[in-house]
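Topology and contacts: notes
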Amino acid sequence: MKLINPTPKYKDSYFELVKCAKANGDINEMGNAYRENESFDAMINRLKDRAKGKNISKRDVPSSMKWIIENDEVVGTIDLRHLLNKDYFERLGHVAYYIHPLKRKKGYATKALDLAIKWYKKMPINKILITCYSDNKGSKKVILNNGGILEKTVTDKQNNKIINRYLINISDTVFPRVAWFTTNRSCNCKCTWCYANDYEDKSLTMDYELSKKYIKMLPKIGIRKAILIGGEPTIYKDITKIIKAISKENINVSMASNGIKFSNYDFAKTLIDAGLKSVNISLKGTSELEYLANTKVYGLQKAIDGYKNLEKLGVNISLSYVLCSNDTQKIDELFEIINNNGLNNISFQFYKPSISSEKDNGPSIDELVFICEYVYNKFENSQINYSIEMSLPLCCLSNKLLKNLIDKKRITTCCHIGKGKGIIFDTNFNILPCNHFLNIALNKKNIAPNKIIEFWNSETAQEFRNKINTYPLEKCSKCDKWNICGGGCFLRWLSPTMKKYINERR
């Protein structure tokens, strides 16, 4: 048996399969392998595009449709999805197959899934998800015969049937899913608290021609989303070109920005047309005077105008605000700004230290806990969608506040380092553990684009991740909120103050 791309060689055999599927009344189960009234050539072109992620609906994902060939005959089709969106993750999984009605119960499905697993081993993926309804004994047997481990059962919201979710291990290789590109270290603001203030050379910028070589590697190492950061990426001279280059690889392009340049509608449209899909705008103050004091520029209204321009252009837009003090008046003023200007989707972040700086003049843990509770009480009963990015261990919060935040799904976690799910390139394409490490790279010498995954799974990188995973206290692993908490931002665990604080609360 073999899996092949659709080809004219087996055209007649394929249409014989279609004929039998129609006679059997289950032609719909062939899914993307068949479209009514579609010519053979049109089908071939559609499936080629789908494998590249081109011309597919928002509900669909890139996928390779294969024919199952046995004894020179098409005995079925199998759809191999390259990644999962929400719907595929919740209901459908990575693989869907259809076997010729007259060829069933002969082991073809089991063999086809085995070949599919071998195909996935060449993809940047660790596990594949296979689903079937709990009453489908044949499919369960196929999955179990191929090493499927039942993860859990869920209810299909479309028909209230029970879905079994099985995971099949493909590889122990660590693949990052998100890549941050530090396009430049310069900025059009001079924020007093910025972690990059201690950076040695703010004139550094990413070489665009070199960046294209790394961008070409992104799909091959499993990257699904790229986030452009700085400095301020909107002032990077090749910003439009780098967005286009990443989008060309069918990777979602996002950006973290102060939003000032987006106040120019034409500029905003240029970046959206280039492929920019989402933007997070960081608000630097709650009045123009505070903005000026914090950043040395007038930028609040420009940031608001930038938000509105991006909203008009249909991009996914969100806000962020760093909690740097326990000043409740600022939260009140921020609430009015958001409410009065029709803004939404704000993420509150806590001040984080920089590993490169000896200064730590941020707020205390008690102050951050206090202002977190104030934010909750201020925003919870409003129409504003908000979340709190917890870089503190959850046990810092009171049980009541923690329960409310979890129940209302207001908590997000941010640290990707321990699991190796995010990779950050500085302007010279060194790999940083996180952006707060500034010029402290994991690698001692530059890593060639085709050596990224090799380094990412090297002893050096793995040793660092193992070390990071030891920072939360041993007793944290026994916490029933551990999967949500993740230990908070590990940089805080470097501080004896944090360890003492958590121990006292335990």
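Everything in this summary refers to the structure shown in the same document.

Rules behind the numbers
- Residues numbered from 1 in each chain as written.
- Predicted model: local features only at pLDDT ≥ 70, side-chain atom pairs only at ≥ 80, totals over all residues.
- Heavy atoms only, no water.
- Helix = DSSP H or I, 4+ residues; strand = E, 2+ residues; numbered from the N terminus.
- Buried < 20%, exposed > 50% of the residue type's maximum accessible area, 1.4 Å probe, protein only.
- Contact = heavy atoms within 4.5 Å.
- Axes fitted to C-alpha atoms, helices over the stretch in contact; angles between N-to-C directions.
- Parallel < 35°, antiparallel > 145°, perpendicular 65-115°, else oblique.
- Left-handed = near helix turned anticlockwise from the far one by under 90°.
- Core = buried A, V, L, I, M, F, W, Y, C linked by side-chain atoms within 4.5 Å.
- Pairing = 2+ DSSP bridges.
- Right-handed = clockwise from strand over helix to strand, strands pointing away.
- Polar contact = N/O pair within 3.5 Å; in protein donor to acceptor, adjacent residues only side chain to side chain.
- Salt bridge = Lys/Arg side-chain N within 4 Å of Asp/Glu carboxyl O.
- Patch = residues over 30% accessible without salt bridge, like charges linked within 9 Å, V, L, I, M, F, W, Y side chains within 5 Å.
- Areas by Shrake-Rupley, 256 points an atom, 1.4 Å probe, with all protein chains shown as cover.
- Lys, Arg positive; Asp, Glu negative; His and termini not counted.
- Charge placed at Lys NZ, Arg CZ, Asp CG, Glu CD.

**Some remarks on the overall build of the protein**
Along the backbone of the protein there are 18 helices and 17 strands. Burial statistics for the protein: of 506 residues in total, 50% are counted as buried. Pairs at least 24 apart in sequence give 70% of the contacts found in the protein among residues at least 6 apart.

**Some remarks on unusual backbone geometry**
Gly230 connects to Gly231 through a cis peptide bond whose omega is 15°. Along the polypeptide, Gly231 turns up in the loop between β9 (225-229) and α7 (239-248). A positive phi angle, close to 55°, is found at Asn55, a residue other than glycine. With a phi angle near 65°, Phe429 is a residue other than glycine that sits in the positive phi range. Mapped onto the elements, Phe429 comes out in the loop between β16 (422-425) and β17 (431-432). Using a relative accessible area of 1% as the deciding quantity, one classes Phe429 as buried.

**Let's talk about the packing of helix α4 (residues 108-120) against helix α5 (residues 137-145)**
Where α4 meets α5, the closest approach of the two axes is 9 Å, and the angle between their N-to-C directions is 40°. As far as their axial angle goes, α5 and α4 are oblique. Of the two elements, α4 crosses α5, and the hand of that crossing is right-handed. Contact residues: Ala109, Thr110 and Leu113 in α4; Val142, Ile143 and Asn145 in α5.

**Topic: the nonpolar core**
Counting residues in each nonpolar core, the largest one holds 96 residues, and the members touching the most others are Phe181, Ile242, Ile243 and Phe348. Among the elements that make up this core, the one with the highest residue count is helix α12 (residues 365-379) (eight residues). Ile242 has contacts with Thr183, Met206, Tyr208, Ser211, Ile215, Leu228 and Tyr236, leaving out every residue within four places of it along the chain. Of all hydrophobic cores here, the second largest spans 23 residues; its members include Leu3, Ile78, Ala109 and Ile125.

**Digging into the pairing of strand β10 (residues 252-257)**
Pairing geometry for β9 and β10, over four bridges, is parallel. Paired with Ala226 across the two strands is Val253, which belongs to β10. In the sheet, β10 pairs with strand β11 (residues 276-283) via five bridges, with the strands oriented parallel. The partner of Ser257 across the bridge, within β11, is Ile281. With helix α8 (residues 265-274) bridging β10 and the parallel β11, this β-α-β connection has right-handed handedness.

**Observations concerning the environment of Arg165**
With respect to the secondary-structure elements, Arg165 resides in strand β7 (residues 162-169). With relative accessibility at 2%, the residue Arg165 sits in the buried group. A distance of 2.4 Å separates a polar side-chain atom of Arg165 from the backbone oxygen of Phe89.

**Focus on the pattern of salt bridges**
Taken as a whole and assessed by the stated rule, the structure comprises 22 salt bridges. Note that Arg81 is salt-bridged to Asp79, the shortest N-O span being 3.6 Å. The class for Asp79 is buried, based on a relative accessible area of 4%. Between Glu151 and Arg165 there is a salt bridge; the shortest N-O distance is 2.7 Å. Pair noted here: Glu151 is in strand β6 (residues 149-155) and Arg165 is in strand β7, with a separation of 14 residues, a long-range link.

**Quick notes on the packing of helix α6 (residues 208-217) against α7**
Interhelical geometry of α6 versus α7 gives an angle of 15° and a closest axis separation of 10 Å. In terms of orientation, α6 and α7 fall into the roughly parallel class. You can see that α6 and α7 cross each other, and the crossing is right-handed. Facing α6, whose interface residues are Tyr208, Ser211 and Ile215, α7 presents Lys241, Ile242, Ala245 and Ile246.

**Topic: the sheet that holds strand β1 (residues 2-4)**
Here four strands make up an open sheet; going across it, the order is β1-β2-β3-β4 and the pairing antiparallel. Edge strands, defined here as strands with exactly one partner in the open sheet, are β1 and β4 (95-99). When the angles between neighbouring strand axes are averaged without regard to direction, this sheet yields 25°. By the bridge criterion, eight bridges tie strand β2 (residues 63-70) to strand β3 (residues 73-81) in an arrangement that is antiparallel. For Ser63, the partnering residue across the bridge sits in β3 and is Arg81. Helix α2 (residues 40-51) contacts β2 and β3 of the sheet and is inclined by roughly 125° relative to β2.

**A few points about a positive patch on the surface**
A surface patch of positive charge is lined by Lys127, Arg224, Lys419 and Lys421. Along the chain, Lys127 falls in strand β5 (residues 127-133). A residue is classified by how much of its surface remains accessible, and Lys127, at 44% relative accessible area, is partly exposed.

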